[in-house]
Amino acid sequence: MTTSYLCPACGTNRSRFNIIEQVIHAVKKDPQTGVILEYLSPDDPLQYKYQGPLRRVQCGICGMIEAEDLFIHHAERQKQN
Ligand SMILES: [Zn+2]
């Protein structure tokens, strides 16, 4: 987590962020009641595996929430220019 961020929306914030860790729970729910019947293994062959980002970032200035990669790439791109 030592990589620099730059907000792709406001383009100025490099220091104030909310880092959001995403925790995936694979579940089986009762269709009628909505009660969680079972927590599935993340490798359950019958369940589509989550492939989205594990970490999202919110800009502490403008509030935009995006995948961490976007903030990292924007900071790198800005460094090259
Ligand atoms: Zn921003």
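Residues numbered from 1 in each chain as written. Predicted model: local features only at pLDDT ≥ 70, side-chain atom pairs only at ≥ 80, totals over all residues. Heavy atoms only, no water.

**So, the coordination of the zinc ion**
Ideal values for angles at a metal depend on the geometry: 109.5 degrees with four tetrahedral donors, 90 or 180 degrees with six octahedral donors.
Here's step 1: Every protein donor of the zinc ion is listed here as Cys7 (SG), Cys10 (SG), Cys59 (SG) and Cys62 (SG), and their distances to the metal cover 2.3 to 2.4 Å.
Here's step 2: One way to put it: the four donor atoms around the zinc ion meet at angles of 104 to 123°, and that makes the site tetrahedral.
Here's step 3: When the donor residues of the zinc ion are listed from N- to C-terminus, their spacing reads C-x2-C-x48-C-x2-C. Of this pair, Cys10 sits in the segment before strand E1 (17-21) while Cys59 sits in strand E4 (residues 55-59), and the two are 49 residues apart along the sequence.
Here's step 4: With a relative accessible area of 29%, Cys10 lands in the partly exposed category. (Donors = N, O, S within 2.8 Å, 3.2 Å for Na, K, Ca; no water. Tetrahedral: all angles 85-135°; square planar, octahedral: opposite > 155°, others 65-115°. Helix = DSSP H or I, 4+ residues; strand = E, 2+ residues; numbered from the N terminus. Buried < 20%, exposed > 50% of the residue type's maximum accessible area, 1.4 Å probe, protein only.)

**Overview of the nonpolar core**
Here's step 1: By size, the foremost hydrophobic cluster in this structure holds six residues: Tyr5, Cys7, Val57, Cys59, Phe71 and Ile72.
Here's step 2: Those elements that provide at least two residues to this core are E4 and helix H1 (68-80).
Here's step 3: Excluding anything up to four places from it in sequence, Tyr5 contacts Asn13, Arg14, Phe17, Ile19, Arg55, Val57, Glu68, Phe71, Ile72 and Ala75. (Core = buried A, V, L, I, M, F, W, Y, C linked by side-chain atoms within 4.5 Å. Contact = heavy atoms within 4.5 Å.)

Shape descriptors only; they carry no functional weight alone.
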